[in-house]
Amino acid sequence: FAYPGGSGVPALQDISFTLRRGERLAVVGPTGAGKTTLAWLCARLYEPQKGELYLGGRPMSRLPLVRVRRQVVVAAQRSALFSGTIRENLSMGDRGAGEAQLCAALETAQAADFVAEAGGLDAVLVQGGVNLSGGQRQRLSLARALVRGGAVLVLDDCTSALDATTEASVLSMLRKQCSGMTVLLISQRISTVMRTDRILCLEDGRVMGFGAHRELLDSCPVYRAIYTSQIGGDRHE
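Parameters at a glance
Each chain has its residues counted from 1, running along the sequence as written. Where totals are concerned, whole chains, interfaces and linings use all residues; where local detail is concerned, this predicted model gives features only for residues with pLDDT of at least 70, and gives and counts side-chain atom pairs only at 80 or more. Side-chain metrics in this entry use all non-hydrogen atoms of the structure; hydrogen atoms and water are not considered. Helix and strand labels come from DSSP, where a helix needs a run of H or I of at least four residues and a strand needs a run of E of at least two; each type is numbered from the N terminus. Taken over C-alpha atoms, the radius of gyration is set against a globule rule of 2.2 Å times the number of residues to the power 0.38. Each residue is placed in one exposure class: buried if its accessible area under a 1.4 Å probe, protein chains only, is under 20% of its type's maximum, exposed if it is over 50%, and partly exposed if it falls in between. Contacts are assigned to residue pairs with any non-hydrogen atoms lying within 4.5 Å of each other. Charged-residue counts in this description rest on Lys and Arg as positive and Asp and Glu as negative, His and the chain ends being excluded. In plain terms, the charge of a residue is placed at NZ if it is Lys, CZ if Arg, CG if Asp and CD if Glu. Cavities and pockets are found on a 1 Å grid laid over the protein atoms alone: a cavity is a set of points where a 1.4 Å probe fits but cannot escape, a pocket is an open set with protein on both sides within 12 Å along at least five of seven lines, and a lining residue has an atom within 4 Å of such a point. Grid points are joined across faces, edges and corners, and a volume is the space filled by probe spheres set on the points. Charged means Asp, Glu, Lys or Arg here, nonpolar means Ala, Val, Leu, Ile, Met, Phe, Trp, Tyr, Cys or Pro, and polar covers whatever is left, Gly included. Between any two strands, at least two bridges found by DSSP are needed for them to pair. Helix axes are fitted to C-alpha atoms over the stretch in contact, other axes to C-alpha atoms as well, and angles between N-to-C directions run from 0 to 180 degrees. The salt bridge definition used is simple: a Lys or Arg side-chain nitrogen within 4 Å of an Asp or Glu carboxyl oxygen. Definition of nonpolar core: a set of buried residues of the types Ala, Val, Leu, Ile, Met, Phe, Trp, Tyr and Cys, connected through side-chain atoms within 4.5 Å. The arc in question is traced by the directions running from the helix axis to the C-beta atoms.

**Here's the deal with the overall build of the protein chain**
For the protein chain, the count of helices and strands is ten helices and ten strands. For the protein chain, the C-alpha radius of gyration of 18 Å lies close to 18 Å, the compact-globule estimate for 237 residues. Each principal axis of the C-alpha atoms in the protein chain carries an extent, and together these give about 50 × 45 × 35 Å. The proportion of buried residues among the 237 residues of the protein chain is 46%. In the protein chain, the share of contacts with a sequence separation of at least 24, taken over all contacts with a separation of at least 6, comes to 66%. Taking the 27 positively charged and 22 negatively charged side chains of the protein chain as two groups, their mean positions are separated by 6 Å.

**Details of empty space enclosed by the protein**
For the coordinates displayed, the defined rule picks out one cavity of 30 Å³ or more. Estimated volume of the largest cavity: approximately 40 Å³. Considering the residues around the largest cavity, the lining is formed by Leu41, Arg44, Tyr46, Glu47, Pro48, Glu52, Leu53, Met60 and Ser61. Taken together, the residues of the lining of the largest cavity break down into five nonpolar, one polar and three charged.

**A look at the sheet that holds strand β8 (residues 182-186)**
The strand order across the open sheet formed by six strands is β4-β7-β8-β1-β9-β10, and the pairing between neighbours is mixed. Taken across any chain shown, the strands that pair with only one partner, and hence form the sheet edges, are β4 (72-76) and β10 (206-211). Averaged over all pairs of adjacent strands, the angle between strand axes in this sheet comes to 15°, irrespective of strand direction. Across five bridges, the pairing between strand β7 (residues 152-156) and β8 is parallel. By the bridge assignment, Asp156 is partnered in β8 with Ile186. Sitting on the sheet, helix α10 (residues 221-230) touches β1 (24-28), β9 (198-203) and β10, and the angle it makes with β9 is about 100°.

**Some points on the side chain of Arg139**
When you line up the elements, Arg139 lands in helix α6 (residues 134-148). Within the buried core, Arg139 has no salt-bridge partner, and the shortest N-O distance to an opposite charge, that of Asp163, equals 6.8 Å. Apart from the residues lying within four places of it in its own chain, the contact partners of Arg139 are Ala109, Gln110, Ala111, Phe114, Leu162 and Thr166.

**Overview of the nonpolar core**
Formed by 35 residues in total, the largest nonpolar core has its most connected members in Leu106, Leu140, Leu153, Leu155 and Leu174. Looking at this core, the elements with two or more residues in it are β4, α3 (86-91), α4 (99-108), α5 (112-118), α6, β7, α7 (164-177) and β8. Apart from the residues within four sequence positions on either side, Leu155 is in contact with Ala75, Leu142, Leu171, Leu174, Val183, Leu184, Leu185 and Ile186. Counting 23 residues, the second largest nonpolar core, distinct from the first, contains Phe1, Ala11, Ala43 and Val72.

**Digging into helix α1 (residues 35-42)**
Since the α-helix turns once every 3.6 residues, residues separated by three or four places project in the same direction. The element α1 is largely enclosed, with a buried count of six among its eight residues. By the burial criterion, the buried members of α1 are Lys35, Thr37, Leu38, Ala39, Leu41 and Cys42. A positive backbone phi angle near 60° is found at Arg44, which sits one or two residues after α1.

**Thoughts on the pattern of salt bridges**
Summed over all chains, the structure comprises eight salt bridges. Its salt-bridge partner being Arg44, residue Glu47 comes within 2.6 Å of it at the nearest N-O pair. By relative accessible area, Glu47 is classed as partly exposed at 39%. Judged by relative accessible area, Arg44 falls into the buried class, the value being 13%. For Asp122, the salt bridge goes to Arg87, with nearest N and O atoms at 3.0 Å. Here Asp122 is found in the loop between α5 and β6 (124-125), whereas its partner Arg87 is found in helix α3, with 35 residues between them in sequence. Relative accessible area serves as the criterion here: at 25%, Arg87 is assigned to the partly exposed category. Connected via shared salt-bridge partners are Arg20, Glu23 and Arg198.

**Here's the deal with α4**
Residues Leu102, Ala105, Leu106 and Thr108 constitute the buried set of α4. When α4 is viewed along its axis, its buried side chains cluster within an angular range of 165° and face the same direction. Buried residues along α4 sit against α3, α5, α6 and α7.

Below, the structure written as structure tokens:
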């Protein structure tokens, strides 16, 4: 895939992997590796120029777009919140969602406490959610994705503004409350990706490694370099 109107240099090439139902797959790599591009392709925000993506064993290109959007839900790094109440923002995910569903999503996203402090679901947000911190905006964006539901949840570095402890709590709740969902997790933090089922390591738009954490430490120099820069030493725990 190369971006239309760009230089023509592929942002992704020779990519092939399988994400199993209910699996948690992390995507990691240096800046510019193609991680977000992969997320957008999986959500069919772009179409690949060559090759095919499959959803449930069927080519995505042959599925109605509305069906893909119902099944593949994205929580992005940059949250898109609008002026209005928190309830209205969350309900964009599902206009028919009741209060219990909204509150459950807030609990899973570790957003219930600050929403309660702000005045509850009917608290008003400024355009862009600028009256919230970056981490709060990201958690509301995640909660909205959870309200929408779907078979595949794409987390595009959507916990980057959270401290490590809060991020760990969010991901722990996701494992407990959304165990049936397939998760594609993009993150810069090795401490986050190493706890997923498998890891896809990218560099310059190509696959450098694919497997579990310990496998990549042994077989993928790019992954090992990222690990060493963040964790330090040769520790394999």
